[in-house]
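# Observations on the model geometry
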Amino acid sequence: MVLKENMKHLPRCLCLSLWTLTVALTLSCAAAPAWTSEGKSRVLTFGEGTFSCDARGSLSLRANGQPPLAFAFFLWHDAWIYERLEAGQVESNDVQADGSLRLRGLWGARDGAPPIRYSLTLTPRSAHVDARLDLEKTAALRLTDGIWAVAYTPVATNDARRVYLFPTGDASVGKPVEGIFKRTFIGPEAGASIFFGGEGLCYLRSRVAQDNHAVEMKLSKANDFELGKQATVLASFGFAAMPKILRPVVTGRAPLALSARSPDRVALYGKCEIDVALSGSWDNPYDPDDVALDATVTTASGKTYTQPGFFLVPQSHERDGVEDVMIPSGEGQWKVRLAATEPGPLRVALTARDRSGKKRFELPRPIQVTPDPRAKGFVRVSQADPHYLAHDSGAGFVPIGHNVPIFQSSNAMSVQDILEKMAANGENWNRWWLSKSGLGLEWEPKLGWYRQPQAAKLDWLLEDADRLGLYYLLCMDTHQDFREEGWPGNPFNVAQGGPCKKAGEWFTNAEAKAYYHKRLRYTVARWGYSPHVLCWEFGNEFEGWADAKQDEIIAWHREMAAALAALDPYGHLISTSWWSKTGPAACWQIPELS
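Parameters at a glance
- Residues numbered from 1 in each chain as written.
- Predicted model: local features only at pLDDT ≥ 70, side-chain atom pairs only at ≥ 80, totals over all residues.
- Heavy atoms only, no water.
- Pairing = 2+ DSSP bridges.
- Helix = DSSP H or I, 4+ residues; strand = E, 2+ residues; numbered from the N terminus.
- Axes fitted to C-alpha atoms, helices over the stretch in contact; angles between N-to-C directions.
- Contact = heavy atoms within 4.5 Å.
- Buried < 20%, exposed > 50% of the residue type's maximum accessible area, 1.4 Å probe, protein only.
- Core = buried A, V, L, I, M, F, W, Y, C linked by side-chain atoms within 4.5 Å.
- Parallel < 35°, antiparallel > 145°, perpendicular 65-115°, else oblique.
- Left-handed = near helix turned anticlockwise from the far one by under 90°.
- Nonpolar A, V, L, I, M, F, W, Y, C, P; charged D, E, K, R; others polar.
- Expected span 1.5 Å × (residues − 1).
- Polar contact = N/O pair within 3.5 Å; in protein donor to acceptor, adjacent residues only side chain to side chain.

What follows is about the sheet that holds strand β22 (residues 271–282). One open sheet holds the four strands; their spatial order is β20-β22-β28-β25, and the pairing between them is antiparallel. Looking at which strands have only one partner, the edges of the open sheet turn out to be β20 (252–261) and β25 (310–312). With strand direction ignored, the average angle separating the axes of adjacent strands in the sheet is 35°. Bridge count between β20 and β22: seven bridges; the pairing is antiparallel. When the sheet's bridge partners are listed, Leu-258 is paired in β22 with Leu-278. Against the sheet, helix α5 (residues 510–527) touches β25 and β28 (333–339), its axis set at about 75° to β25.

Next comes the structure, spelled out in structure tokens:
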């Protein structure tokens, strides 16, 4: 079992949690309950709650004393036509000799599409139910994105339950949570919970409304399967104590002190990472108004610039099949990342500020930047012809690639598989969305806090980009998060504790803009060092922001482009995106946009 094999690589506290979870879910000796009938539903009664399946194949779990959690299987086919299993035709619904419940029928026939023949087997265990869904196509049909399940629960006032994507992250019921999980638990901390999971690591995303929290999880690894072959999806549903949720300590409660260690030498255009020992007093290490770290850098030619430092929670990168998962692996750390842009000595002085005052620390010796004949440097607008791009070395750069914006396995390929296939076929470019479903930082339950697993994934992408010869456009937002189903769960929404009543206020609200300035600072601090950041892109298709006026969007771009250019000492390209051809001419007259 991959989970057990990986334990030796994880922190001791997490290994113990994984072992406890494995024992709790697999080694119980209690007898499995038998199915009983209640109206049109079949019901299993466990000590911790009940599990039911109605005559159409809809599932429901209710932990004792808690609101119910309803489950349904769904898929999309062809042009994203949505089909729920229970909307199909049930042909049989019988308890088998081994105690399992088996439903057989036809799934989906909307718009004249041929249905899929299914067999859903629900096998009771001592504290959970194993589900097996076998599928066969009756005729040619293209599945769009595999097999999914949706679970939804009502949200009560002062709801004490949490959604825990074990072992990667959690949020209160009613707050959006998204990512990779081994098991998902829903219940109060230190109390009984409902759990569910698929085969190996699975992906989950949230859709929240005022009185309802829905989560969607992808259960199949492949997006489609062939006519004449059978596809099988496995899942489990049950009850268990909520595992202890791992939360690294990130607050500071110590006198202000500052020191650092740096490498002795670094290659030209290589990453110069300085490990900073910073103690002080702060609540939020991602808020530069609470605590800030900055480096004053002097190059061999005498050029001086400032690069902000940043706080991170280290993550262990684990892979289960094609899924990547980041797991907290230690105490929080402070870093400064610099690009070595000139051969010769690189001198660095650090300044830290917290509530008590300031401290300064100068590296005792310069970092030696050594020549590297292979280094090309950053990508710029070509000095020879502004219609083209070129590296600092003068070598031309023509981006060739895909828009594969979401860090997620696809069609039984890992992210690394996808990127290696792109590179092997001569591609050198990709666009990543820093959004809710992608690598976005700001989708924590509270604004101003940054998702460290997503940040660690981008760290890994940029580290590996040199090997693959890939350059990335980092798109920092997308309209899907600011309209329709995306806006209710957006942390800038007042319903989630944010400052904006409408999505369009994101461009004009002073508090929202202040948060964005801080996110720009963190983004430059963590990834600005890399020549493989081809370009900063403010967002995807700005006409899509709900309730927004074009003149307000352009004014926002004018402010943020100037701020980003001032923050970034390495002068990356800056761009944006519109869906109406090239967008308004006034946008491209902003001098900082490339």
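Back to the write-up after that little detour.
This part is about unusual backbone geometry. Residue Phe-166 is joined to Pro-167 through a cis peptide bond whose omega torsion reads 0°. Here Pro-167 lies in the loop between β12 (161–166) and β13 (169–172). One non-glycine residue, Trp-80, lies in the positive phi region at around 55°. Residue position: Trp-80 is located in the loop between β5 (69–77) and β6 (81–84). Phi is positive for Asn-411, close to 55°, though the residue is something other than glycine. Position of Asn-411 relative to the elements: it lies in the loop between β35 (401–402) and α3 (415–424). Relative accessible area serves as the criterion here: at 41%, Asn-411 is assigned to the partly exposed category.

Take the nonpolar core next. Residues Ile-274, Val-276, Leu-278, Leu-338, Leu-461, Trp-506 and Phe-538 are the most contacted members of the largest nonpolar core, which totals 92 residues. Looking at this core, the element that brings in the most residues is helix α4 (residues 452–468), giving eight residues. Filtering out sequence-adjacent residues up to four positions away, Leu-338 remains in contact with Gly-270, Lys-271, Cys-272, Ile-274, Val-297, Tyr-305, Gln-307, Leu-346, Val-348, Tyr-529 and Tyr-570. The next biggest cluster of nonpolar side chains, apart from the first, holds 50 residues, and it includes Val-129, Ala-131, Ala-149 and Phe-225.

One can find Gln-307 in strand β24 (residues 304–308). Apart from residues no more than four positions distant in its own chain, Gln-307 is found in contact with Asp-294, Ala-295, Arg-337, Leu-338, Val-524, Ala-525, Leu-567, Pro-569 and Tyr-570.

Relative to each other, α3 and α4 sit at 30°, their axes nearing to 11 Å. On the basis of their axis angle, the class for α3 and α4 is roughly parallel. As α3 runs across α4, the sense of the crossing is right-handed. Here α3 contributes Val-415, Gln-416, Leu-419, Glu-420 and Ala-423 to the contact with α4, which in turn contributes Trp-460, Leu-461, Asp-464, Arg-467 and Leu-468.

Time to look at the packing of α4 against α5. It is at 11 Å that the axes of α4 and α5 come closest, and there the two elements cross at 40°. As summarised for this structure, α4 and α5 are arranged oblique, according to the angle between their axes. By crossing handedness, the relation of α4 to α5 is classed as right-handed. Counting all contacts with α4, which are made through Gln-452, Ala-455, Ala-456, Leu-458, Asp-459 and Leu-462, the residues of α5 involved are Tyr-522, Arg-526 and Trp-527. Each residue belonging to the contact of α4 with α5 can be placed in one class, and the counts come to six nonpolar, one polar and two charged.

Bringing the side chain of Lys-518 into the picture now. Relative to the elements of secondary structure, Lys-518 occurs in helix α5. Accessibility expressed as a relative area gives 17% for Lys-518, which makes it buried. With sequence-adjacent residues up to four places away left out, Lys-518 is seen in contact with Asp-287, Pro-288, Asp-289 and Tyr-450.

Judged by pairing direction, the sheet is parallel, and its five strands sit side by side in the order β35-β36-β37-β38-β39 without closing on themselves. A strand with exactly one partner marks an edge of an open sheet, and here the two such strands are β35 and β39 (573–575). Bridge count for strand β37 (residues 471–475) against strand β38 (residues 533–537) is four bridges, and the pairing is parallel. Note on β38: the bridge partner recorded for Leu-474 is Trp-536.

Within strand β8 (residues 101–107), five of the seven residues are buried, leaving the element largely enclosed by the surrounding structure. Across six bridges, the pairing between strand β7 (residues 89–95) and β8 is antiparallel. Residue pairing across strands places Val-95 opposite Leu-101, the latter belonging to β8. Relative to strand β9 (residues 116–124), β8 runs antiparallel, the two being bridged by seven bridges.

Bringing α5 into the picture now. End to end, α5 covers 26 Å across 18 residues, agreeing with the expected 26 Å (1.5 Å per residue, within 8%). Where burial is concerned, most of α5 is hidden: 13 out of the 18 residues are buried. Measuring from the backbone nitrogen of Glu-511 back to the side-chain oxygen at the start of α5 gives 2.9 Å, which picks out Asn-509 as the cap.

Before going further, it helps to spend a moment on the pairing of strand β4 (residues 59–63). The side-chain alternation of β4 yields one buried face, formed by Leu-59, Leu-61 and Ala-63, and one unburied face, formed by Ser-60 and Arg-62. Note that strand β3 (residues 49–53) and β4 share five bridges and pair antiparallel. Of the residues in β4, the one forming a bridge with Ser-52 is Ser-60. Joining the antiparallel neighbours β3 and β4 is a turn of five residues, in which Gly-57 adopts a positive phi near 100°. Inspection of the sheet shows β4 paired to β5 by three bridges, in the antiparallel sense. In the sheet register, Leu-61 faces β5, and the bridge partner there is Leu-69. Where β4 hands over to β5, the hairpin turn is made up of five residues, of which Gly-65 adopts a positive phi near 75°.

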